[in-house]
Amino acid sequence: MEPTSRFGYPARRVVSDPVDGRLVVVANRLPVRWDPRAGRWETSPGGLVTALEPVLAERKGVWVGWTGTPDHAPEPFEVDGITQVPVPIAEDEVETYYEGFCNGTVWPLYHDAIRPVEIHRHWWRPYVEVNRRFAARVADIVRPGDRVWVHDYQLQLVPGFLRELVPDTRIGFFLHIPFPPPEIYGRLPWRTQLVEGLLGADVLGFQTRRAVLNFAGAARMFGGARGRAQSLEYRGRSIVAETVPISIDADHYRALSLAHETVSRAYNLRRSLGKPSSILLGVDRLDYTKGIDLRLRAFETLLQRRPDLHGDVVFIQVAVPSREQVEEYQVIRGRVEQLVGRINGEFGRPDWIPVYYLYRSLPQDELIAYYRAADVMVVTPLRDGMNLVAKEYVATRTDGTGVLVLSEFAGAAEQLDEAFIVNPYDLDQMAAVLEQAVSLSPDEQRTRMAALRRSVSRFDVHWWASECLASLDG
Ligand code: ADQ
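Calculation rules
Residues numbered from 1 in each chain as written. Predicted model: local features only at pLDDT ≥ 70, side-chain atom pairs only at ≥ 80, totals over all residues. Heavy atoms only, no water. Helix = DSSP H or I, 4+ residues; strand = E, 2+ residues; numbered from the N terminus. Core = buried A, V, L, I, M, F, W, Y, C linked by side-chain atoms within 4.5 Å. Buried < 20%, exposed > 50% of the residue type's maximum accessible area, 1.4 Å probe, protein only. Domains from an automatic or database assignment. Contact = heavy atoms within 4.5 Å. Phe/Tyr/Trp six-rings, centres within 6.5 Å; stacked < 30°, edge-to-face > 60°. Pairing = 2+ DSSP bridges. Axes fitted to C-alpha atoms, helices over the stretch in contact; angles between N-to-C directions. Near = heavy atom within 4 Å. Polar contact = N/O pair within 3.5 Å; in protein donor to acceptor, adjacent residues only side chain to side chain. Areas by Shrake-Rupley, 256 points an atom, 1.4 Å probe, with all protein chains shown as cover. Salt bridge = Lys/Arg side-chain N within 4 Å of Asp/Glu carboxyl O. pLDDT = per-residue confidence, 0-100. Buried area = accessible area lost by both parts, 1.4 Å probe. Nonpolar A, V, L, I, M, F, W, Y, C, P; charged D, E, K, R; others polar.

A. Local environment of the environment of aspartate 92. Tracing the sequence through the fold places aspartate 92 in helix H2 (residues 91–110). Once the C-alpha coordinates of aspartate 92 and leucine 199 are considered, the two residues, 107 residues apart in sequence, prove to be 29 Å apart.

Written out as structure tokens, the structure is:
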């Protein structure tokens, strides 16, 4: 059977004729890191670089972004065939533009305001300044025929500034996080400026259909655009907003999962846990959007309901430290750690620890061993643009078993509807689904997993990149 998502994404389009110009990617961070031991810049592993590497190499790629060090902007340099163009960000701007406006205002607002949205004029001005600086740097280096592709919520004003500076350039924008409904978005005092900034692009890509509809609504309400998402009319130009769900390099994950070392690492992990009958796993950046606390409470409810499972099931939560300077992140970390302590204190025994908690980033091969060892993957964000962890888990399940429990509020739920879809706020429902998941028959696991695997391998990151670039090429 053909893998189709609920929304019937089109089959892989034939990519249009190669374009002569370069591809200029603009993102908050450059895809490279300074390795002090080797004394050189190295490509840092990440989904976006992996996805774009082949295209950037083929087309002569340029990447414009910040090095990650305040007040640091060396002259452009080349790494693995990609020209890196640094843009400086000052130390105080890291606080106001990045931690402040990006992560204290836009991040919670765009995730349905599930945490208080802080709005400060002294955060907005640096956001405008930094966006203007990025646009100016791009305008300096752009040549006729180049395509410019701007990424994510840190740079929403860049398309608009570029439209003024280099009006004939073809500009794309991709938003990695959700775009909220107009009634939430509309709280922002600068709602018109932001939407006008985005409307500087020719094509805008979003993770979900809902985000596209929300954006089109905001564009009409606050930007004075007219028409539908597929062809928004704005200041005499026609703009396309479309759904292009991001994904992973599924083949890469499958290959790594099949490697001998991964298989034995997964086996050893299971053995070191005392060979429980079921391992449940959560893997997230430690972010309040990811719903880690409610997920742990659902597991706690399961343990209360089913004493017979004690000693038999374990939950591993791997949490990557994230935005530790932002207060809400310190609060959620405290909450998660308190819950882990509470559950282990209440139910643990000398021969059994119910929750293993790792507060660190894991190397990719190790992470894949965890995926391989896990019988049930629990991905329950309160709101998430896409969620790549869900797709990574599916891609690594090479024997076709495993259960994915997925929040209806993750963008991935629009595509992965063969998962067990849950409302992460409904603890009773989540506990009941976890209960079902730990005892699902291998046959049922395989049926669901086969459909999930078809979808993830067909709509992979190469599909995503070729869709986005076909639109950007026009
Ligand atoms: P994130 O919010 O970071 O991304 P996600 O899509 O799940 O969320 O990506 C996280 C990545 O970090 C995954 O590739 C995962 O493997 C990795 N990771 C998680 N925990 C790790 C650990 N302990 N050690 C090492 N690696 C770990 C944002 C949006 C998402 C959107 C992506 C891509 O918030 O909704 O899917 O961008 O557009």
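B. The arrangement of the nonpolar core in detail. The biggest cluster of nonpolar side chains holds 171 residues, and the ones touching the most others in it are Phe215, Leu404 and Trp464. Per element, the largest residue contribution to this core is 9 residues, and it comes from helix H3 (residues 121–141). Residue contributions to this core reach at least three from each of two domains, namely domain 1 (23–247 + 461–473) and domain 2 (250–458). Once residues within four sequence positions are removed from consideration, leucine 404 is found in contact with Met377, Val379, Ala390, Tyr393, Val394, Leu416, Ala419, Phe420 and Leu452.

C. Looking closely at the packing of aromatic side chains. Counted according to the given criterion, the structure contains 25 aromatic pairs. Where tyrosine 185 meets phenylalanine 222, the ring centres are 5.8 Å apart and the plane angle is 45°; that geometry is what we call tilted. Of the two residues, tyrosine 185 sits in helix H5 (residues 182–185) while phenylalanine 222 sits in helix H7 (residues 209–223), which places them 37 residues apart along the sequence. The same class applies to tyrosine 185 and to phenylalanine 222, which are both buried.

D. Quick look at the sheet that holds strand S4 (residues 61–66). Taken together, the 9 strands give an open sheet; going across it, the order is S5-S6-S4-S1-S7-S8-S9-S11-S10, and neighbouring strands pair in mixed fashion. Because the sheet does not close on itself, it has two edges, and the strands there are strand S5 (77–79) and strand S10 (232–234). Across the sheet, the mean angle separating the axes of adjacent strands is 25° when strand polarity is ignored. Strand direction decides the pairing type here: strand S1 (residues 23–29) and S4, joined by 5 bridges, are parallel. By the bridge assignment, leucine 23 is partnered in S4 with glycine 61. Strand contacts of helix H4 (residues 158–165): strand S7 (147–151), strand S8 (170–174) and strand S11 (237–243), with the helix running at about 175° to S8, the strand carrying the most contacts. H7 rests against strand S9 (203–206), S10 and S11 of the sheet, and its axis sits at about 150° to S11.

E. The site of the ligand, seen in detail. Every one of the 21 residues lining the ligand counts as a neighbour, but His176, Leu362, Asp384, Met386 and Glu392 are closest to it. In the model, an oxygen atom of the ligand is placed 2.7 Å from a nitrogen or oxygen of the histidine 176 side chain. Between the ligand and glutamate 392, the relevant distance is 2.5 Å, taken from an oxygen atom to a side-chain nitrogen or oxygen of the residue. In isolation the ligand has 710 Å² of accessible area, and contact with the protein removes 82% of it. Elements with a contribution of two residues or more to the shell around the ligand: strand S12 (278–285), strand S13 (313–320), helix H12 (364–373) and helix H13 (388–396).

F. Region of interest: the pattern of salt bridges. Evaluation of the coordinates by the stated rule reveals 28 salt bridges. Glutamate 328 serves as the salt-bridge partner of arginine 115, at 3.3 Å between the closest nitrogen and oxygen. With arginine 115 in the loop between H2 and H3 and glutamate 328 in helix H11 (residues 327–347), this residue pair connects regions lying 213 residues apart in the sequence. Overall, the relative accessible area of 25% leaves glutamate 328 in the partly exposed class. Here glutamate 300 and arginine 342 are joined by a salt bridge, their closest N and O atoms 2.9 Å apart. With a gap of 42 residues between them, glutamate 300 in helix H10 (residues 292–305) and arginine 342 in helix H11 connect regions that are remote in the sequence. What you see here is one network of salt bridges that share partners, running through Arg59, Arg147 and Asp473.

G. Focus on the confidence of the model for the protein chain. On average, the protein chain scores 94 in pLDDT, and the residues at 70 or more come to 96%. With pLDDT under 50 throughout, residues 1–17 is counted as low confidence; its partners more than four residues away or in other chains account for 39 contacts.

H. Main features of the domain arrangement of the protein chain. When the domains of the protein chain are assigned, the result is domain 1 (23–247 + 461–473) and domain 2 (250–458). Computed from C-alpha coordinates alone, the two centres of domain 1 and domain 2 are separated by 31 Å. With 21 residues of domain 1 at the contact, the number on the domain 2 side is 23 residues. The junction of domain 1 with domain 2 conceals about 1,800 Å² of combined surface from both sides, 59% of it contributed by carbon and sulfur atoms. Among the residues of domain 1 in contact with domain 2, Trp107, Ile114 and Arg115 are the three that bury the most area, contributing 31% of the side total. In this structure, the connection of domain 1 to domain 2 is made through 2 salt bridges. Residue arginine 383 pairs with aspartate 112 through a salt bridge whose shortest N-O separation is 3.0 Å. Among the elements that take part in the side of domain 1 that touches domain 2, H2 stands out by supplying 4 residues, more than any other. Taken together, the residues of the side of domain 1 that touches domain 2 sort by class into 10 nonpolar, 6 polar and 5 charged.

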